[in-house]
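Descriptive analysis of the structure
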Amino acid sequence: MAQHLEAGKPILGEVPRGEFSNPNNGLTRWMSGLPDSTPLTAINVPGTHDTCTWNYTGPDESVYRTQARSIFDQLNAGIRFLDIRFGLDSDSGVLRVYHADTLLSSTASLEDVLWGLYYFLENHPRETLLVSLKIDHGSTGLSVQQAAYPLITAPEVSDYWVQTDTLPTNLGSSRGKIVLFRRFSFDTTDDPSLIPVGVNVASGWTDNNADFSILYDPSQSLTSYIEDLYQLNGDAVDISPSEKVEEKFNAITTHISHSRGVGNTSQIFISFASGYGNGTGDVLTPRILAEGVYNSSYQIEGINAKINQWLSGQKGKRLGIVLYDFYESEKDLIQKTII
């Protein structure tokens, strides 16, 4: 494990020495106090969008960087849903992490990153991680699927993953494990050994949509409802940045409110608080959308601040899974999401 943790530092961050600790908010072990019988769909789960981008400093950084904290820091702060994108690095033949076609580290492999998650779970066996894996670069074909499959099912790592293709019934059955949300296929037609693992949200994921659903377990009528409106008003130049933030805020709060409807409490709800807006002289980067900006030209309240204020009136209510960019811009955002 030590070799993977060292190689994974560009994505994982510095390896915590001894026990993880977070004296500022006490969220490092927040799941441990929940009853084993708690359904996963009943838990408010904070997450990060494009989790691995925190250390990226290359071309178009303002577009591709959506986080400012390492994975270990995120886990320490209470983040429990990780959005990891990967692809085959043609130069090395190794699966590495990407944001779109942008390579985030030429040395850290996807396997190294996953071992960092195992390290966290070894130290926190009563926590559960939800991990979305998506092929974001290059081929999504059989060879890439075959390369990814043993990272989830090989004997030395299989116990760290929930080895089913549906959501576990409760928190107790997933403690110390990773629940996979799979945004790519396992092509069993061409390779029958690729037995499906993970909640399949690949088929039916629609681009830039504020409200869509994916039936991931037809036998039990289990559905994942998703808000992923990320390109705000397209390239419209006549829409102000503040109006674009408001558009995103309305999309996410409307979607969360639907999670409380009759018949929806047993379903998965995923909401992305991330996005950007284009337009000549009116570029709303992921950071500006998340954090806002206050200068002589713009006075823009960020989506994180708007959600944080809204959450003050939502205590005890269901939110589902909420993925943030630059979550640390609001110091109590994660804690409010959980409670």
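Residues numbered from 1 in each chain as written. Predicted model: local features only at pLDDT ≥ 70, side-chain atom pairs only at ≥ 80, totals over all residues. Heavy atoms only, no water.

Observations concerning the pattern of salt bridges
Counted by the stated rule, this structure contains 16 salt bridges. Residue D136 is joined to R85 by a salt bridge in which the shortest nitrogen-to-oxygen separation is 3.5 Å. Of this pair, D136 sits in strand β5 (residues 129–137) while R85 sits in strand β2 (residues 81–89), and the two are 51 residues apart along the sequence. Take D136 and R85: they sit in the same class, and that class is buried. Between R287 and E291 there is a salt bridge, with its nearest N and O atoms 3.0 Å apart. Remark: E291 and R287 occur in helix α9 (residues 286–291); sequence separation between them is four residues, near one turn of the helix. On the basis of relative accessibility, which here comes to 32%, the residue R287 falls in the partly exposed class. (Salt bridge = Lys/Arg side-chain N within 4 Å of Asp/Glu carboxyl O. Helix = DSSP H or I, 4+ residues; strand = E, 2+ residues; numbered from the N terminus. Buried < 20%, exposed > 50% of the residue type's maximum accessible area, 1.4 Å probe, protein only.)

As for the packing of aromatic side chains
Under the definition given, this model contains 13 aromatic pairs. With centroids separated by 5.4 Å and ring planes inclined at 55°, the aromatic side chains of F81 and F181 adopt a geometry described as tilted. Of the two residues, F81 sits in strand β2 while F181 sits in strand β6 (residues 178–182), which places them 100 residues apart along the sequence. Under the relative-accessibility criterion, F181 is labelled buried at 1%. Centre to centre, the rings of W205 and F272 are 6.2 Å apart; their planes meet at 80°, and the pair counts as edge-to-face. Residue W205 is located in the loop between β7 (199–200) and β8 (209–217), and its partner F272 is located in strand β10 (residues 268–272); the two are separated by 67 residues in the primary sequence. (Phe/Tyr/Trp six-rings, centres within 6.5 Å; stacked < 30°, edge-to-face > 60°.)

Examining the environment of D83
For D83, the location among the structural elements is in strand β2. The buried category is assigned to D83, whose relative accessible area is 1%. Taking the C-alpha atoms as reference points, D83 and S312, 229 residues apart in sequence, are found 26 Å from one another. Among the polar contacts made by the side chain of D83, one reaches the side chain of R85 at a distance of 2.7 Å. (Polar contact = N/O pair within 3.5 Å; in protein donor to acceptor, adjacent residues only side chain to side chain.)

Some thoughts on the pairing of strand β9 (residues 222–228)
Within a regular strand, side chains alternate between the sheet's two faces. Most of β9 sits out of view: six of its seven residues are buried. Sheet topology places β8 next to β9; six bridges connect them, and they run antiparallel. Among the inter-strand pairings, F212 is bridged to a residue of β9, identified as I226. Taking the residues that link successive antiparallel strands as the turn, the β8-β9 hairpin has four residues, and the phi of S221 there is positive, at about 55°. Where β9 lies against β10, four bridges are found, and the strand directions are parallel. Within the sheet, the bridge partner assigned to E227 lies in β10 and is S271. (Pairing = 2+ DSSP bridges.)

In short, geometric facts, not functional conclusions.
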